[in-house]
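As a plain string of letters, each chain reads:
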Amino acid sequence: MTVLRKGYACQWCHRVHGHLEEQGVRVVDCSDPRGIREHAARARRMNLHRLVLDGGGFVSPLLLDQIREGHSPASDEVGDWAGAVEQTMSGIYRLQGRGAELPYPVFAVAQSRLKARIESYWITEKAVHPVEWMASAHLCT
């Protein structure tokens, strides 16, 4: 496994990265094409397909740019990638207009029926339940 660090600051990123590295997970900067190339080569030696798990559309556009610029595995090698899972609409928007370049399928979680039919109701329930509880507790006192 390789985790590509996206470069935006969060309060505990250094702790997360440190823990991952202690577990033997490589953490590399996503703007460094060597990280993706090394990951691809390691997976190829182990006869494994790669899968991009992305939240925000950072990895696939970067990989496509690196392929176009000749900094990443050749597009025939990218065929070893099983695909990408994009979790956000911002990630889907970043891939718009680039469908012809994609050498692998992209599963858009943000546009899936699962997210629309199950997660939205779950989120609503989690948001409404405390409000209902507070309202009923207030009315009972």
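Draft legend 1. Representation of the sheet that holds strand β3 (residues 50-54) within the structure. If you trace the 3 strands from one edge of the open sheet to the other, you get β3-β4-β5, paired in parallel fashion. Lying at the two open borders of the sheet, with one neighbouring strand each, are β3 and β5 (106-108). In this sheet, neighbouring strand axes are inclined to one another by 15° on average, regardless of whether the strands run parallel or antiparallel. Where strand β4 (residues 81-86) meets β5, 3 bridges bridge the pair, whose relative direction is parallel. By the bridge assignment, A84 is partnered in β5 with V106. Packed on one face of the sheet, helix α2 (residues 33-45) meets β3 and β4 and runs near 140° to β3. Most of the contacts of helix α3 (residues 59-69) go to β3, to which it runs at about 130°, and overall it touches β3 and β4.

Draft legend 2. Geometry of unusual backbone geometry. Look at N47: it is not a glycine, yet its phi comes out positive at around 60°. Examined against the element boundaries, N47 turns out to sit in the loop between α2 and β3.

Draft legend 3. Representation of the pattern of salt bridges. Taken as a whole and assessed by the stated rule, the structure comprises 5 salt bridges. Residue D65 is joined to R98 by a salt bridge in which the shortest nitrogen-to-oxygen separation is 2.7 Å. Placement of the pair is D65 in helix α3 and R98 in the loop between α5 (89-95) and β5, with a sequence separation of 33 residues. For R98, a relative accessible area of 12% puts it in the buried group. Note that E101 and R98 form a salt bridge whose closest N and O atoms lie 3.0 Å from each other. Sharing partners across several salt bridges, the network here consists of D65, R68, R98 and E101.

Rules of the game
- Residues numbered from 1 in each chain as written.
- Predicted model: local features only at pLDDT ≥ 70, side-chain atom pairs only at ≥ 80, totals over all residues.
- Heavy atoms only, no water.
- Pairing = 2+ DSSP bridges.
- Helix = DSSP H or I, 4+ residues; strand = E, 2+ residues; numbered from the N terminus.
- Axes fitted to C-alpha atoms, helices over the stretch in contact; angles between N-to-C directions.
- Contact = heavy atoms within 4.5 Å.
- Salt bridge = Lys/Arg side-chain N within 4 Å of Asp/Glu carboxyl O.
- Buried < 20%, exposed > 50% of the residue type's maximum accessible area, 1.4 Å probe, protein only.

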